[in-house]
Each structure stands twice: as structure tokens, then as C-alpha cells.
Amino acid sequence: MRTGDAGQAVRARARMVERLRAQGIRDERVLGAMQSVPRHMFVDEGLAYSAYDDTPLPIGFQQTISQPFIVARMIELLRAGRELGRTLEVGAGCGYQAAVLSQLATEVYAVERIRPLLDRARANLRPLRLPNVRLKLADGNLGLPEAAPFDSIIVAAAAIGLPPALKTQLAPGGRLIVPVGGADQRLLLLERQGNVFRESWHEAVRFVPLLAGIE
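Asks: Help me understand the packing of helix H2 (residues 28-36) against helix H3 (residues 68-79), please; the structure alone is not making it clear to me.
Replies: When two helices pack together, their arrangement is given by the angle between the helix axes and by the axis-to-axis distance. Contact geometry for H2 and H3: axes closest at 9 Å, N-to-C directions at 140°. For the element pair H2 / H3, the angle class is oblique. For the pair H2 and H3, the sense of crossing is right-handed. Two secondary-structure elements touch here, H2 through Arg29, Val30 and Met34 and H3 through Pro68, Val71, Ala72, Ile75, Glu76 and Arg79.

Asks: Got a minute to help me understand the pairing of strand S6 (residues 150-155) in this structure?
Replies: For a regular strand, the rule is simple: side chains alternate between the two faces of the sheet. Extensive coverage of S6 is indicated by the burial of five of its six residues. Pairing geometry for strand S3 (residues 86-90) and S6, over four bridges, is parallel. Bridge assignment links Val90 to a residue of S6, and that residue is Val155. Direction of pairing for S6 relative to strand S7 (residues 170-181): parallel, over a ladder of four bridges. Residue pairing for S7: Ile154 is matched across the bridge by Ile177.

Procedures and definitions
- Residues numbered from 1 in each chain as written.
- Predicted model: local features only at pLDDT ≥ 70, side-chain atom pairs only at ≥ 80, totals over all residues.
- Heavy atoms only, no water.
- Axes fitted to C-alpha atoms, helices over the stretch in contact; angles between N-to-C directions.
- Helix = DSSP H or I, 4+ residues; strand = E, 2+ residues; numbered from the N terminus.
- Parallel < 35°, antiparallel > 145°, perpendicular 65-115°, else oblique.
- Left-handed = near helix turned anticlockwise from the far one by under 90°.
- Contact = heavy atoms within 4.5 Å.
- Buried < 20%, exposed > 50% of the residue type's maximum accessible area, 1.4 Å probe, protein only.
- Pairing = 2+ DSSP bridges.

Structure, rendered in C-alpha cells:
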């Protein structure tokens, strides 16, 4: 698909979006962002024909690209009646979610702890020429203090507990979404209202663990 029929990829994306709508995604701007980003460009060419299936796919280094529904659902929960604004993504992976976020946020700061994976994300994103996306090698547990505070934070790996640095880097009125747990994981949405943090729990999910350090 990567080097073949561009129309085929467009049709596959349209089917993916209709499936997301049928699965309950209601935010039309999120659906539009999912429609606009060529997901097949972010996976190995041998997996390109599976790029629009609702399944995670391997991207190397024991990491995966999340299934489309989970990407859409997490972003929908982050938006929910407001703009994403200045956004931090923890776990850039192959760069796909950063590309989707770029359609909805004013600025996207995506951090990744695995250097070769960050290089791959840069290569994947380069053809899309997204001026509001910045990638950085960093330990996601520490957030990105030099660019904080953030209106939105999205974490693409499962934490045993919420990293304190991420909570402190959330702007007043901001929201953070993170998978929490070990064998059993659920999405935690944290909303900051002044100095009060309100938690709500959502879907059961399955993410790779949020690890510390840089490789």
C-alpha cells in the first residue's frame, strides 16, 4: 500500500473511520484527524495492508502502534468539549499518534526513550511536514519540564502509578490521560481544576509498560 494505490489507502482509512464511528467515537474532529493521517506510513511495509485494521501492530523494540479505536478514544476523552492546546505525548513510538494530535493541538511535544525508535518517528513524520510537532529523546516519567505546563498530556504506555512529574506539569484546566495498571489496566483521566485534581476511570486497555531511562 505504501508504494501502490493511494486511492486504496484513502478508502481503507474511510472504512476505519466508519468503524470507529460505529464503535462509539462521536467527536467528528477526532474522526477527521484519523481520516487525514496515513497510518500505513507508520508501520513496516509488510504490515501496511493491516494498517487500518482495529488492532495494535509491532513497530520493533518490543513496542506497538496502538489500535485505532484506542488512539481515537483517548484523544476524544482528552478533548471532550475543549481544545487540546499545548500537548505532551509520552511514548512517541513510530510517530503516528503525534501526527493525529497535530491536527487537533496547537503544539505537540512527543517524547520517546528509545533512540532508534525516535529516529524512525522522525523519518515517518518528515514527509508530512507538520510544523507544530516537536520530538525529543527523554524519559517520559519525567515529562518535559522545559516545555511545561501542558494543557493536555497523553501517555502511550501503562504506568503502575501516575508519575508525579506529569501531574505537576499539567496546566490549570488541563487534562491527562494514562493507562494505569499491570496485568489489568484501565484508562485514567485526570482533570486539574485549580489545585484540585479529579479522577475518572474508563475503558480496560492493554499497553506495554511505562519504563524509566533512555536507551
